[in-house]
Each structure stands twice: as structure tokens, then as C-alpha cells.
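The primary structure of each chain is shown beneath.
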Amino acid sequence: MTSVENRARLVLGNWKMHGSLAENAALLDALRAADPASHCEIGVCVPFPYLAQAASALGGSSVSWGAQDVSAHAKGAYTGEVSGAMLSEFGCRWTLAGHSERRSLHGETDQAVADKARAALDAGLTPVVCVGESLAEREGGNTLGVIERQLEPILALGADALARMVLAYEPVWAIGTGRTATPEQAQEVHGAIRVALRGLGAGQVRVLYGGSVKAANAATLFAMPDIDGALVGGASLVADEFLRIAAA
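Cut-offs and rules
Residues numbered from 1 in each chain as written. Predicted model: local features only at pLDDT ≥ 70, side-chain atom pairs only at ≥ 80, totals over all residues. Heavy atoms only, no water. Helix = DSSP H or I, 4+ residues; strand = E, 2+ residues; numbered from the N terminus. Contact = heavy atoms within 4.5 Å. Salt bridge = Lys/Arg side-chain N within 4 Å of Asp/Glu carboxyl O. Buried < 20%, exposed > 50% of the residue type's maximum accessible area, 1.4 Å probe, protein only. Core = buried A, V, L, I, M, F, W, Y, C linked by side-chain atoms within 4.5 Å. Expected span 1.5 Å × (residues − 1). Bend = angle between axes of the 7 residues up to and from the residue. Pairing = 2+ DSSP bridges. Axes fitted to C-alpha atoms, helices over the stretch in contact; angles between N-to-C directions.

Student: Is there a simple way to explain the side chain of Ser83 in this structure?
Tutor: For Ser83, the location among the structural elements is in the loop between strand E3 (64–67) and helix H3 (84–89). In this structure, Ser83 is in contact with Val70, Ser71, His73 and Ala74, ignoring residues within four places of it in sequence.

Next up, the structure:
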């Protein structure tokens, strides 16, 4: 059984649709100057237009960067989409796949998310695959059933593919609401995900928590045995707050 000590901690920022060239420059400079590698691995997932800026600002530092989405297609007549190969040309390490906002606002299905994850792997990227339940699903006692359904096509990709991914549990009811799952609630879901991963021989896969993570609650979340770090939304736009989460 894989222990948490064998899984390097990871804190990823998701800027969502925020930023400007001037605002980004100050934030990226602060992250580069902090050299946070002594605490854990950190990275930022930025809007597509700012990938070149992130690469220029962070290149040669311990901070990695990535995108917030990727096309399931390698190339072709898919107006508005961005391929994994394009992201790789900008030095991306990460791409999110299946963030709850993509699922709810753009109708992405569980299989579509798995197809995007597969395309990311084919391009040499690390997909961060997001899963999570709505408030109605949690109150209906169906949290683990929802997670199992969302993970099914991801787990079907097999242990070799899973070993090159990161998973993120982000309860939809806690994203941008100020509400956060208690450490025990988060651990229950992370523990169930870990059991499924270990069943495929992929227990070493990192599983992040996302949902109103901030410096004030990060340490208690990270103390849970199956929480390997965080996918941070709004707090990743403030350098000091983001670095304090990493330090936790």
C-alpha cells in the first residue's frame, strides 16, 4: 500500500478567466522570486492568451505552468479549440480536464473528459482530471456514486495512463462559494478514490482537493492522509495567499 510520503505534494493555481498582462506580471514575478520548491511543487494554469507570458516569466524557475482546458482532437476543423501539441509548444506541463465549470457550462460528459485526458497524455502533458458532486447530489447521499461514475472512463484508460495523471476532487458546492468541505468530508472522498486507484495498481497517483482552499484551511486539509495538495481558484490570484497555501 502506497504511503502519502511517497507522493510529492502539489499545489496548482487555476486563474480561471482572470488576469491582464500587467496584473499577471506582478503575480508571476512574485511566484518566481519566492522559489517555493522547498515547500512543495507548485504550478499555475492560466488562460490561453497568457501562456507565452507565463513561459517567459517562469522559465528556469521551480514554478510550472499549464492550461485550463485541452481539445480531445489533435488537429482539424475545430474552431476555438486548442490542441495538446499547441500547449506543449508553450512549455506547458499541465492541463485541467473536466473542471466542474466546463462540465456544467459547456456540457462536457464523463467520456469527453476522458478523451481530453487521453489527448493530453498523447501530447506529453499531465492532465489534472477534476471530479465532484453538486450540493443536491451530496444532500441526496449520492456523493460517492457520482464520483464513481465520473471516474469510470478515466480508470478505464488503465494504470499506465493513470500513473501520468493527477486527479482533483472539487465538490461543486464548495467552488467559489466560500464553503469548504470539512477535512473529514474531503478525506472520505479522497479515501474512496485512493481505494479505486490501488485496485488498479495506481495508488501513487496524486489526488488534490479543490474548493475554496485558502491559507486559513490548507493545513487541516493537507493533514488528511489521502489529500496530496490543492487545486486553488481565487486564492491563486494573490501571490502571498497562494504561497502561504503552498507553505502549509
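Student: Which parts of the structure should I look at to understand the pattern of salt bridges?
Tutor: Pairing between side chains of opposite charge can happen when their charged atoms approach one another. This model, assessed by the stated rule, comprises 16 salt bridges. Residue Glu101 pairs with Lys16 through a salt bridge whose shortest N-O separation is 2.8 Å. A residue pair is termed long-range when its members are at least 10 positions apart, and Glu101 in helix H4 (residues 100–106) and Lys16 in the loop between strand E1 (10–14) and helix H1 (21–34) qualify at 85 residues. We classify Glu101 as partly exposed; its relative accessible area is 31%. Of the charged contacts in the structure, one is a salt bridge between Asp228 and Arg194, with a shortest N-O distance of 2.7 Å. Placement of Asp228 in the loop between helix H10 (215–222) and strand E8 (229–232) and of Arg194 in helix H9 (residues 183–199) is noted, with a sequence separation of 34 residues between them. You can call Asp228 buried: its relative accessible area is 0%. We classify Arg194 as buried; its relative accessible area is 0%. Bridged by salt links that share partners, the residues Arg7, Arg194, Asp226 and Asp228 form one connected network.

Student: Would you mind showing me how to read the nonpolar core here?
Tutor: Counting residues in each nonpolar core, the largest one holds 65 residues, and the members touching the most others are Val44, Leu167, Ile193, Leu197, Tyr209 and Ile245. Those residues in contact with Leu197, other than ones at most four positions away along the chain, are Leu155, Leu162, Leu167, Ala202, Gly203, Val205 and Val207. Formed by 11 residues, the second largest nonpolar core is a distinct cluster that contains Cys130, Val166, Ala168 and Leu208.

Student: I would appreciate a short explanation of the environment of Ala159 in the present structure.
Tutor: With respect to the secondary-structure elements, Ala159 resides in helix H8 (residues 159–162). Given a relative accessible area of 27%, Ala159 falls into the partly exposed group. Distance in space between the C-alpha atoms of Ala159 and Ala30 is 37 Å, their sequence separation being 129 residues.

Student: So what exactly am I meant to see when it comes to helix H7 (residues 143–155) here?
Tutor: Because an α-helix completes one turn every 3.6 residues, residues spaced three or four positions apart along the sequence face the same direction. Counted at 1.5 Å a residue, the expected span for H7 with its 13 residues is 18 Å, and the 18 Å between its end C-alpha atoms agrees. The sharpest bend along H7 measures roughly 25° and falls at Arg149, with the proline Pro153 sitting one to four residues further on. Regarding H7, the residues found buried are Thr143, Val146, Ile147, Gln150, Leu151, Pro153, Ile154 and Leu155.

Student: Would you explain the sheet that holds strand E7 (residues 206–210) in this entry?
Tutor: Note on sheets: strands pair through backbone hydrogen bonds, and any given pair is parallel or antiparallel. Strand order in the closed barrel made by the eight strands is E1-E2-E3-E4-E5-E6-E7-E8, with parallel pairing throughout. Neighbour to neighbour, the strand axes of the sheet diverge by 25° on average, direction disregarded. Where E7 lies against E8, two bridges are found, and the strand directions are parallel. Its bridge partner being in E8, Gly210 is matched across the sheet by Leu231. On the sheet, helix H5 (residues 110–122) packs against strand E4 (94–97) and strand E5 (126–131) and is oriented at approximately 165° with respect to E5.

Student: Honestly, the pairing of E5 in this entry has me stumped. Any pointers?
Tutor: Two faces belong to every sheet, and in a regular strand the side chains alternate between them. Across the six residues that make up E5, a large majority, six, are buried. Here E5 shows no split at all, with Thr126, Val128 and Cys130 on one side and Pro127, Val129 and Val131 on the other all buried. Two elements, E4 and E5, share four bridges in a ladder whose sense is parallel. Each bridged residue has a counterpart across the sheet, and for Leu96 the counterpart in E5 is Val128. Pairing geometry for E5 and strand E6 (residues 166–169), over four bridges, is parallel. Residue pairing for E6: Cys130 is matched across the bridge by Ala168.

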